[in-house]
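Here is how the chains run, residue by residue.
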Amino acid sequence: MSKISDFDSELIESLFIKYAKVNTRSDASSHTVPTTVGQVKLAKMVEKDLQELGIKDAKYEPENSYVLGTLPSNSDKDLSSIGFIAHLDTADFNAENIQPQVHPDYDGGDIVLNAEKKIVLSPKEFPLLKKYVGQRVITTDGTTLLGADDKAGIAAIFGALKYFLTHPEVEHGEIKVAFGPDEEIGRGAKRFPAKEFGTEFAYTLDNGQPGQIEAETFNASEAKIDIQGTAVHPGDAYGLMVNAVTLANEIVSSLPKDEVPEKSRDHQGFILVTDMGATVAEAHINLIVREFDTQKYQRNLELLREIVDQINDRFEAPRVTLKINEQYQNIGDTVKKHPYIVNLALNIYDRLGIKPNITPFRGGTDGNAITAKGIPTPNLFNGGDNFHGPYEYVGTEAMAKTAQVVAEIVQEHVREFGHRDETPVKLF
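Residues numbered from 1 in each chain as written. Predicted model: local features only at pLDDT ≥ 70, side-chain atom pairs only at ≥ 80, totals over all residues. Heavy atoms only, no water.

Trainee: Sorry if this is basic, but what is going on with the packing of helix α2 (residues 37–53) against helix α3 (residues 148–166) here?
Mentor: Each pair of packed helices can be summarised by the angle the axes make with each other and by the distance between the axes. Axis separation between α2 and α3 bottoms out at 11 Å; the angle between their running directions is 15 degrees. Regarding the angle of α2 to α3, the classification is roughly parallel. The two elements α2 and α3 cross, and the hand of that crossing is right-handed. For the pair formed by α2 and α3, the contact residues are Leu 42, Val 46, Asp 49, Leu 50 and Leu 53 on the first element and Lys 151, Ile 154, Phe 158, Leu 161, Lys 162 and Leu 165 on the second. Of the residues assigned to the contact of α2 with α3, the class counts are eight nonpolar, no polar and three charged. (Axes fitted to C-alpha atoms, helices over the stretch in contact; angles between N-to-C directions. Helix = DSSP H or I, 4+ residues; strand = E, 2+ residues; numbered from the N terminus. Parallel < 35°, antiparallel > 145°, perpendicular 65-115°, else oblique. Left-handed = near helix turned anticlockwise from the far one by under 90°. Contact = heavy atoms within 4.5 Å. Nonpolar A, V, L, I, M, F, W, Y, C, P; charged D, E, K, R; others polar.)

See below:
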């Protein structure tokens, strides 16, 4: 069993800070791959650093903007390969001129991020900060996000690779790593080179506290409803006017009133009207449907179709059109068929004395698209918190703990060769 001191915290911290300073904010309005030049800059930095670390085949692939690398097996066993994945981009928040601040031996009190602007990171407001007492805590200067989502995951993967490269006596199978673009806008993993990556399964290291494992996500679709009215002078409207505003209100009123984000948590899904515009002549409604339970998810999609059909049946020609675009599928439906993947992580949490926290991910990850491509990919953690804003932070020791978990999962895969723990895992 490895010790946390076996992992190069200085390397992990220095790489994280270097990567955090690169503006890799993705841009949903861009049609390039990746959507921003900063992601290319970081990808090439990661490629070079992997090669210098000793990952000889590390390469940046411009056609999909992924950086791939392999640590070959040193085992005589016929072990399947494992993948570890983190993303290069950051969320839609100011990422220009990021200045990471290191606070050694955090004492548990308030951290002043920006004295001039009176911006303070306080455990009174963010109680999870207390878990980082005694650690080296890295924060923003209060004016940008930090980028721990997911540069902490990138740095942790480097820490795990460094461990194996400096401990050649530790038996392991083939390890594949991938660092990709545009996760925050849901595009990058659609280009994931699954066939080239070729692992039996993988893990993303995206957000969360030590012990977390997210083996299920929402099923997700977006829906667009267009309504064609008939606009005439209201004084002459009898029998002629078809008010698109009225039809739009009818549709929205027909949706389940309690299945909305503000009343949903844990495994509860929702239908959210994200925006709506309407005149007498025409109306447009945009919705998103989110649900863990696949059968209920399909029922909610069917409900939208029924609402539209019922309105159209009142007219000689259809007035309402519905277009549904599936965004991603719950990875849990696949992961449940391969409980070994979750058990592998849970067994390591137990060995390391980490309290497990199996949580439903109320969103999507790169793992959705990668799982759909045939590589089951739950999410672990990267040791950060308060993602996507100025109060984001991460602990150096927490990133080292992530690296340790990665390394131990790889070794547990060796130990369980020939007698895998396939005990069913209760996700729901």
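Next comes the rest of the description.
Trainee: Mind showing me how you'd approach the pattern of salt bridges here?
Mentor: If charged atoms from side chains of opposite charge come close, those side chains can pair. Summed over the entire model, instances satisfying the criterion amount to 16 salt bridges. The residue Lys 3 makes a salt bridge to Asp 6 at a minimum N-O spacing of 3.9 Å. Relative accessible area serves as the criterion here: at 51%, Lys 3 is assigned to the exposed category. By relative accessible area, Asp 6 is classed as partly exposed at 25%. In this structure, Glu 200 and Arg 420 form a salt bridge, with 2.8 Å as the shortest nitrogen-oxygen distance. Residue Glu 200 is located in the loop between α4 (194–197) and β9 (201–204), and its partner Arg 420 is located in the segment after α10 (396–415); the two are separated by 220 residues in the primary sequence. Glu 200 sits in the partly exposed class, given a relative accessible area of 33%. Connected through shared salt-bridge partners, Arg 351, Glu 408, Glu 412 and Arg 415 make up one network. (Salt bridge = Lys/Arg side-chain N within 4 Å of Asp/Glu carboxyl O. Buried < 20%, exposed > 50% of the residue type's maximum accessible area, 1.4 Å probe, protein only.)

Trainee: Could you clarify how one ought to interpret the pairing of strand β5 (residues 111–114) in this entry?
Mentor: Consecutive side chains of a regular strand alternate in pointing toward one face of the sheet and then the other. Inspection of the sheet shows β5 paired to strand β6 (residues 119–121) by three bridges, in the antiparallel sense. Its bridge partner lying in β6, Asn 114 is registered against Ile 119. (Pairing = 2+ DSSP bridges.)

Trainee: Teacher, can you tell me more about the nonpolar core here?
Mentor: Within soluble globular proteins, side chains that are nonpolar generally end up buried alongside one another. Counting 70 residues, the largest nonpolar core has Phe 16, Val 46, Phe 179, Leu 380 and Ile 409 as the members making the most contacts within it. In terms of residue count, the dominant contributor to this core is α3 (ten residues). Discounting chain neighbours no more than four positions away, the residues touching Leu 380 are Tyr 203, Thr 204, Leu 205, Asn 207, Gln 212, Ile 213, Ala 345, Tyr 349, Val 405 and Ile 409. One finds Ala 223, Ile 225, Ile 271 and Val 308 within the second-largest nonpolar core, a separate group that totals 21 residues. (Core = buried A, V, L, I, M, F, W, Y, C linked by side-chain atoms within 4.5 Å.)

Trainee: Whenever I open this one, the packing of aromatic side chains confuses me. Can you help?
Mentor: To describe a pair of aromatic rings, you give the distance between the ring centres and the angle between the ring planes. For the structure on display, the rule yields 14 aromatic pairs. Ring centres of Phe 7 and Tyr 163 lie 4.7 Å apart, and the angle between their planes is 20 degrees; on these two criteria the pair is classed as stacked. Of the two residues, Phe 7 sits in the segment before α1 (9–20) while Tyr 163 sits in helix α3, which places them 156 residues apart along the sequence. Residue Phe 7 is classed as buried on the basis of its relative accessible area, which comes to 4%. You can call Tyr 163 buried: its relative accessible area is 5%. (Phe/Tyr/Trp six-rings, centres within 6.5 Å; stacked < 30°, edge-to-face > 60°.)

Trainee: Explain unusual backbone geometry here, please?
Mentor: The bulk of non-glycine residues show a negative phi, and the bulk of peptide bonds are trans. In this chain, Val 33 is followed by Pro 34 through a cis amide linkage whose omega measures -5 degrees. The residue Pro 34 is located in the loop between α1 and α2 in this model. Omega for the peptide link from Asp 149 to Asp 150 comes to 15 degrees, which places this bond in the cis form. Structurally, Asp 150 is set in helix α3. Unlike most non-glycine residues, Asp 182 shows phi in positive territory, near 55 degrees.

Trainee: In this structure, what is going on with the side chain of Lys 176? I would like to understand it.
Mentor: Considering the arrangement of structural elements, one finds Lys 176 in strand β8 (residues 175–180). Notably, Lys 176 is buried but unbridged: the nearest opposite-charge side chain belongs to Glu 174, and the N-O separation is 4.2 Å. In this structure Lys 176 touches Gly 69, Thr 70, Ile 82, Gly 83, Phe 84, Glu 196, Phe 197 and Thr 199, once residues within four positions along its chain are discounted. (Lys, Arg positive; Asp, Glu negative; His and termini not counted.)

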